[in-house]
Each structure stands twice: as structure tokens, then as C-alpha cells.
Amino acid sequence: MVNNTSIVKVWRFNPETDREPYYKTYEVHHEENATVLDCLNYIYEYLDPSVSYRYACKIGFCVSCLMVINGKPGFTCLKIAEKEMTIEPQIKKAKLIKDLATDFQDD
Amino acid sequence: MSTIGKDHLSVDVLIVGAGVAGITAAIEAQQQGVDVLLVTKGAFGRDGAATWTSGYGFQVAANPPDSPEIHFADTLKVGRFMNDQRLVHRLISEIIRQHRNLDEWGVRYLKENGRYVMMRLPGESHPRVPRLTIPGEWAGQEYRRSLTRQVKKRSIRVIEDLFVFDLIATRDGIAGAVGLDLRKGTFLVIQAKETILATGGHMGSYRTTTIPQASGDGTAAAFRAGVTLTDLEFADFYAYTAIWPPVTVGEIWPSVFRYELNGKLLNRLGEDLREKYRGPERVPPLAIEREVKAGRGSPHGGAYLSIRHNLREEIDRVFARMGHPKWLKRLQAMRFDVVEQDIEVAPAGIVSFGGCRVDENCATGTLGLFAAGEAGASREGAYTNAGNSLPLCMAMGAIAGREAGRRAKKQNHHIPVNGKVEELCDRALGPMLRDRGVRPIQLRRTIQEILAGYGSLIGRNEQRLTEGLEKISQIKKSDLEDMCVTVKDKTFNLEWREALEVRNIADVAELILTAARARKESRGLHYREDFPKEEKSWLKHVVLKKDGEKIDITTEPVTFPYLSPPES
């Protein structure tokens, strides 16, 4: 039942090699009601394993997967994927490591 | 890329893994006045199985007439007397102490007239799980917050995103560990007088699991370092894990349906599985698997968990009391009506019972190495009751931390074997240097298929286990040696991390199948088609140890210093 498609624009920045951040766009196929995290996992498994991001509990508690989705902070594990999405790291409160992966220190 | 930097650190006690066992170990070790380092492969306080335990899930015999003795007896009964009694006896009293700490550290327990308000889960002689003043789905977070706050308050040193992939062997023990610093893409060599593995379980080696990141990192590293392991054939597969609706796969919220709404486990024909089965197959995970195998499973390969026999008002009341949990809101957003549309559940790997063989101090018998939580064996025996894993794992952490701290004060650093660290780092770097080969994620899927096909709950028999073992050993010889990380970035390289996990999963899968083949009886969820009965003569541990490229298999009788198993 993989009959939905999302166009996912991902914020990328590798401090090792990049001078400036940039966006990379992926076409993701998924089931109805798939989450934003499902889309990232699809990108990692099938399209581009170089995307860095974090997640752990997948049920909205651990906060690892907090990112900015279409301009709004949210848990990617809970948020249902939209047809078009821009995903950016949550760097207002956390320090960037690479792409969407950040270092949360406060709780 | 030709070389990778190596940093060095030296500590008294190194604790690998920052779940409930690791954090508790760090707190207790530090109280012994030694230098402590706590490392985790994820973000601190956000990783580990126990930290998001749903439901209240923490058994403690804190309300008389319940007592540690009764809790001890209940634990042995469900463990089918495979538990290490000396260890469990210490753990049960330690739980009382740790629970007092948690209360003092601000866990919001619900009390009435000075007594804890307890709920009763299956297998408890008395209600033994304290309720909190907050909804049950937040319980794991409550424990996590209290514990991580203590780590900060006590200024315990923590390193995050450090994947410890191997232990450093000396001539007669362990001298510390070596890890990949995921943030920098460099190696960190940690010399330690005592090392505690609190790395969690290995249920992520199964395809259907509640905890994919639990890749048996400690158990596999210990195995490669020649540490003695046991009980690998035993594990808990949680029957009430969601498989439908699809985006909730692997989540354990259906436990609410079972325990709060008396949910009925039904097959495709509407038969109630808890009424249908008697004997060893009555336990829900085996009953569900049996029905699926017989073609009577629910459409997506499990069983229905139905709450239709409740009035809608009653269901709404229960959800309201729970504060309308997040998972419910998500199902509502998907327009999935939990009353009208039956959800489906299937057993998923949730807790490992096998790992390093430990004594009542949680010491492994290999000098300088302790194991706590799921990385250590024989705490729960062959099976467990809901809500018992978390406190037992925490108690193991406390005992291991205290004892490691004591021992570290009295000794010097061990001397690693010459060239050992370089050899371990070269192996970890291997997949990064290769330009072609199997991707880690493909290999993970293959190993998961093998475990599902040859080591699943129903269908374990001599022939299938032998076939599965041949397949795993073939993979270890070929694909695993050729594994290739296609991404060459050093910073936060998820594919490299996965390569290290996959190596561990491969080792663990081989150990599980080996132990399951050796145990020629059925006990707990280890069910052998060719030996369907529980046999008194099998009250012994299957003990595994690396012997060159082979696994040395022996058995050791279980001893009963406190409580003998019933005659029949």
C-alpha cells in the first residue's frame, strides 16, 4: 500500500566539507498516514544514506527527533507526512552536529 | 581515507550505556569515591529501553503484606526456576532501596494515607506496581527525568554519541573499551580499572521489535572478547505490540487495551485465545504465533485485541482518566476508531534474558568486567511478568556500580595485550575503507529474515535451527567481511554506526540459534516442536563461549539455595 508520494526538502550541512548549508530534495514513497520520520528512514534506506538525523523512542517522548517541519517545530515521529515538506534542524535551543542531527543539552 | 585519529582516556570505572542500569551504576560507583565515566551511543537520557516504559511498569514490594520474599518467589515462578537465585535475592532487596531513592529524587508516586497506590499486573501475588500522579504513559519519562537529574546534580561525566564496539582484552581480563565518537568520526580508547556493560538487550536483532536500536552491543563485544555467556535462548516477546494500524507498528500502547479494558485476544474466527489454549502454549505470544501458523491469524499476521465488549462510555472514561494519551490522539487524527475497528497485535522482541553470565555481584568472572541490566543474564530466567524487567535491571546497575567502585579503589589499571587496540580499530574501520560490498542495512534485513524464519517462537526444531545456523555462519564468513559503508563522511555517519550494529546482530543471532538448538526442551517462550515439554532434567543453563572461530557449548545445573522448584 505504498501509494503516497511526498516531496521532501531536507536542510543539509556537513561542517566537515560544506561552506554553506543547502537544501536537497527527495521523492519519497510511503503508506497513507506515514510519519515524517518514516520519510527520513526511507531516504536513508533507499535514496541517500548520508543524511544525518536522530530518533529513538518513536512515540513522542524522548524528544530526539524534534525538528522544524514546514517552519514549525515538531516531533517527526508523530507528525503525519504532507505532500510537500521542508525539514530543518531545531537549532534554536540545540547545537547543530550535521544536517538534521543536533546536540540537545538542556532538558 | 587512510587513518583515523585516536584519543585516549583513563578512568577508574567505565559504564557503557546510559539506560536505567547504566545511570544507576554510575551513581553508585561514584558514591564509592572513584572517577566515573558514563558513555552512551545516543543522546543522553533519550536512549535506552526503560526510559520510555509505557504504563507504570515498576514492580516493588513496598506495601505489606507484600514482601521481598513474595516478590522473589513470584519472579522465580514465572522464570520457571531458571533464575540465578543468589543474584535475584540480592536484586529484590536492592529494588526496595532504589525505589526509596526514586521517591526521594522526585518521582511523583501516588499515595493515600502514607501508602503507595498499587496496581496489579498478571503474576503478582499482591498489587505491586506503584501508580504515579501523572498518566501511565509518562511513567518512563518520569523515571528518566529523575535519574538524569541525579547525573547532572552529581556532575557525573557523560560522553554522548559514543559507540563502544569492543572491549580491550588483557591476558586475563578486560582493560577498558574502544568506541567510535560519532560526532567526530574518531576512535576513543578508554582505559578503565573496571568496566560495566549496561548496553541493554539484543531484541533489535529481530524484525518485529519494540526496540530496533538494541543490537546487543555489549553482549556481542563480550563474546568476541572471550567472556562467558548464558541463557541466550530465552527472551520476552511482548504479545500486545501493535501491528495494525500500520504506522503504529512496534508500539506497546495496546497494553492499555489488555490491562485497563480487559481486551480480548481473538483469532480470525473470533475465538478467544486465552480460553482456547491450555498448558505451555497458553502464554499469549505462543498462542498468537500458533494461530498465525495455522492460518487463523488476523489479516496482518497477528491477533485482534478487541475491546468491543466494553461500553463506549466506559472506554472514554478510561481514556479520560489516562489524560487522552498521545497515541490515541494520533489514531484519532488518522480517523481510526479503536472501538469499531479492532486493532491487531503480534509478539515483538522486547526484553533479552540472556547475556553475560554474572554472579550475585554482577561480575562476569572475567577480571575487570561487570554486566548490568539486559547485558547480564539469569535475572529473569526463562520468562517474566510485566513490570519486573525495569526494577531488576536498575538493581543490577546499583549492585554492579557499587562493587566495581569498591574494587577499582584497590587496584591498578590492567595492561592491554600489545597491538590489540589497533586490531579492533582496524576491524571497525574496515567497512569504511571498502568501495564495494553489501550495505549494512541490507545485511541487517537479511539477518532479521533468518532469525524470523529459523529462530521464531513457533517452529524451533533441530533441523530448522541447524539450517538457520548454517545461513548465519555463511553470512559471517562472506557478506559481513565484505560489508561496505557507502557514505564516507566522518561526522555523524549513520551508515557506519549501522555497520557496527550489524556486526553485533550477526554475532547475537548465531548465539541465539546455538543456544536454542542446545536446549532440547520447552520452557518460557523457548518452544521446541520436537521437544514440546518442560523437563526437570533441563534445569540447567546453556553456557556459550568463543573458542577460536567456533562456539564452545556446555551446560551448568541451576542451583536452588533459597527455593526449590515444585515437584510436578
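Residues numbered from 1 in each chain as written. Chains lettered and ligands numbered in written order. Predicted model: local features only at pLDDT ≥ 70, side-chain atom pairs only at ≥ 80, totals over all residues. Heavy atoms only, no water.

Draft legend 1. Local environment of the packing of helix 3 (residues 85-104) of chain B against helix 11 (residues 389-409) of chain B. Residue and element names in this part refer to chain B. Viewed as axis vectors pointing N to C, helix 3 and helix 11 meet at an angle of 95°, and their least axial separation amounts to 8 Å. Compared by their axis directions, helix 3 and helix 11 come out roughly perpendicular. Packed against helix 3, whose contacting residues are Leu 87, Arg 90, Leu 91, Ile 92, Glu 94, Ile 95, Arg 97, Gln 98 and Leu 102, the element helix 11 presents Pro 391, Leu 392, Met 394, Ala 395, Met 396, Ala 398, Ile 399 and Arg 402 at the interface. (Axes fitted to C-alpha atoms, helices over the stretch in contact; angles between N-to-C directions. Helix = DSSP H or I, 4+ residues; strand = E, 2+ residues; numbered from the N terminus. Parallel < 35°, antiparallel > 145°, perpendicular 65-115°, else oblique. Contact = heavy atoms within 4.5 Å.)

Draft legend 2. Highlighting helix 3 of chain B. Residues and elements named next belong to chain B. Given a rise of 1.5 Å per residue, 20 residues ought to cover 28 Å, and the 29 Å separating the end C-alpha atoms of helix 3 matches this to within 8%. For helix 3, the set of buried residues is Gln 85, Leu 87, Val 88, Leu 91, Ile 92, Glu 94, Ile 95, Ile 96, Gln 98, His 99, Asn 101 and Leu 102. Where helix 3 is buried, its residues touch helix 1 (20-31), helix 2 (68-78), strand 4 (115-116), strand 6 (129-130), helix 4 (139-153) and helix 11. Its side-chain oxygen at 3.1 Å from the backbone nitrogen of Arg 86, Asp 84 defines the N-terminal cap of helix 3. In the segment just after helix 3, Gly 106 is the residue with positive phi, at about 100°. (Expected span 1.5 Å × (residues − 1). Buried < 20%, exposed > 50% of the residue type's maximum accessible area, 1.4 Å probe, protein only. Polar contact = N/O pair within 3.5 Å; in protein donor to acceptor, adjacent residues only side chain to side chain.)

Draft legend 3. Inspection of the sheet that holds strand 2 (residues 22-30) of chain A at higher detail. All names here are of chain A. The strand order across the open sheet formed by 5 strands is 2-1-5-3-4, and the pairing between neighbours is mixed. Looking at which strands have only one partner, the edges of the open sheet turn out to be strand 2 and strand 4 (72-75). Taken pair by pair, the neighbouring strands of this sheet meet at an average axis angle of 35°, ignoring direction. Across the face of the sheet, helix 1 (residues 36-47) comes into contact with strand 1 (4-12), strand 2, strand 3 (66-69) and strand 5 (84-89) while running at roughly 95° to strand 2. (Pairing = 2+ DSSP bridges.)

Draft legend 4. Region of interest: the environment of B:Leu480. Residue placement: B:Leu480 occurs in the loop between helix 14 (462-477) and helix 15 (494-518). B:Leu480 sits 49 residues away from B:Pro431 along the chain, and the two C-alpha atoms are 9.1 Å apart.

Draft legend 5. The arrangement of the nonpolar core in detail. With 212 residues, the main nonpolar core has B:Phe257 and B:Phe319 as its most contacted residues. Looking at this core element by element, the count peaks at 15 residues for helix 15 of chain B. Excluding its chain neighbours within four sequence positions, the residues that come into contact with B:Phe257 are B:Asn262, B:Gly263, B:Leu305, B:Ile307, B:Phe319, B:Trp327, B:Val338 and B:Ile343. Judged by nonpolar contacts, the second largest core, of 5 residues, contains A:Ala56, A:Ile59, A:Phe61 and A:Cys62. (Core = buried A, V, L, I, M, F, W, Y, C linked by side-chain atoms within 4.5 Å.)

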